[in-house]
Amino acid sequence: MTHFLLAATSTPSEQSFSREAGRETAMAKDILGEAGLHFDELNKLRVLDPEVTQQTIELKEECKDFVDKIGQFQKIVGGLIELVDQLAKEAENEKMKAIGARNLLKSIAKQREAQQQQLQALIAEKKMQLERYRVEYEALCKVEAEQNEFIDQFIFQK
């Protein structure tokens with residue numbers, strides 16, 4: 001309302017001066033704008049256009065958000081890498097245990113095979129010894145029969 005009172009109380013020459021001053025200010029702003037200088041909302045002289053400044057601020061905030069998100073992503077990926085490394089170590093340990101168990105089974109199988117061969121050789125040796133004893137027994141039985149026959153002939157001759 002005070003603006004209307006001022007406008008009503010001002011004289012026509014003051015009003016034209018005010019218009020001219022507004023035009024001059026606009027022209028000065030245009031000239032400064034062409035030179036790359038601008039006024040901000042606080043009427044401070046700036047090198048960047050206020051729109052560019054606002055876009056720069058928004059870009060800066062977006063970059064900060066992006067950097068924060070990248071940091072979170074790196075933390076997540078770091079955790080995932082640690083987890084995968086831990087799982088790889090556990091898998092490697094289990095693999096080594098399995099290889100050890102397999103080698104142990106192979107050595108046990110070889111030991112059993114060697115023991116079986118030893119036992120088969122012992123069986124063959126015992127069979128040969130049995131055959132010798134059988135042949136010797138038969139020979140002794142023959143000798144006994146011959147001696148008994150000789151004794152019987154000797155007794156009948158007397």
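These numbers were taken from a predicted model, which means no experiment stands behind them. (Residues numbered from 1 in each chain as written. Predicted model: local features only at pLDDT ≥ 70, side-chain atom pairs only at ≥ 80, totals over all residues. Heavy atoms only, no water.)

Attention now moves to the overall build of the protein. When helices and strands are tallied, the protein shows 3 helices and 2 strands. Secondary structure elements of the protein, listed N to C terminal, follow the sequence α-α-β-β-α. Across the 158 residues in the protein, those meeting the buried criterion constitute 2%. With an accessible surface of roughly 14900 Å², the protein has 61% of that area assigned to carbon and sulfur atoms. (Helix = DSSP H or I, 4+ residues; strand = E, 2+ residues; numbered from the N terminus. Buried < 20%, exposed > 50% of the residue type's maximum accessible area, 1.4 Å probe, protein only. Areas by Shrake-Rupley, 256 points an atom, 1.4 Å probe, with all protein chains shown as cover.)

This next bit is on the pattern of salt bridges. All told, the structure shown has 4 salt bridges when counted by the stated rule. Notably, a salt bridge pairs R134 with E131, separated by 2.2 Å at the nearest N-O pair. Placement of the pair is R134 and E131 together in helix α3 (residues 50–157), with a separation of 3 residues, close to one helical turn. We classify R134 as partly exposed; its relative accessible area is 37%. Residue E131 is classed as partly exposed on the basis of its relative accessible area, which comes to 38%. Among the ionic pairs, E138 bridges to R134, the shortest N-O distance being 2.6 Å. Highlighted residues: E138 and R134, both in helix α3, separated by 4 residues, approximately one helical turn. (Salt bridge = Lys/Arg side-chain N within 4 Å of Asp/Glu carboxyl O.)

With that settled, the discussion passes to the packing of aromatic side chains. A full pass over the atoms with the stated rule returns 1 aromatic pair. Plain terms: the ring middles of F150 and F154 are 6.4 Å apart, the flat faces sit at 20 degrees to each other, and that makes the pair stacked. Here the residue F150 and the residue F154 both occupy positions in helix α3, the gap between them amounting to 4 residues, near one helical turn. The exposure class of F150 is exposed, given its relative accessible area of 56%. Among the residues examined, F154 registers a relative accessible area of 44% and is labelled partly exposed. (Phe/Tyr/Trp six-rings, centres within 6.5 Å; stacked < 30°, edge-to-face > 60°.)

On to a negative patch on the surface, then. Taken together, the side chains of E58, E61, E62 and D65 make up a negatively charged region of the molecular surface. Considering the arrangement of structural elements, one finds E62 in helix α3. The exposure class of E62 is exposed, given its relative accessible area of 52%. (Patch = residues over 30% accessible without salt bridge, like charges linked within 9 Å, V, L, I, M, F, W, Y side chains within 5 Å. Lys, Arg positive; Asp, Glu negative; His and termini not counted. Charge placed at Lys NZ, Arg CZ, Asp CG, Glu CD.)

Time to look at the UniProt feature "coiled-coil region" (unreviewed entry) in the protein. Within this structure's numbering, the places UniProt gives as "coiled-coil region" (unreviewed entry) are residues 105–136. Along residues 105–136 the backbone is 100% helical and 0% strand, and the end-to-end C-alpha distance reaches 45 Å. (UniProt positions renumbered as here; feature names shortened; annotations may be inferred.)

Attention shifts here to the confidence of the model for the protein. When pLDDT is averaged along the protein, the result is 84, and 72% of the positions lie at 70 or above. When mean pLDDT is compared element by element in the protein, α3 scores highest at 95, while helix α1 (residues 2–9) scores lowest at 42. Segment residues 1–9: pLDDT under 50, and 1 contact once partners within four positions in sequence are set aside and those in other chains are kept. (pLDDT = per-residue confidence, 0-100. Contact = heavy atoms within 4.5 Å.)

This next bit is on a nonpolar patch on the surface. Taken together, L80, L83, V84 and L87 make up a surface patch of nonpolar side chains, about 360 Å² in accessible area. Inspection of the secondary structure assignment puts L80 in helix α3. Residue L80 is classed as exposed on the basis of its relative accessible area of 52%.

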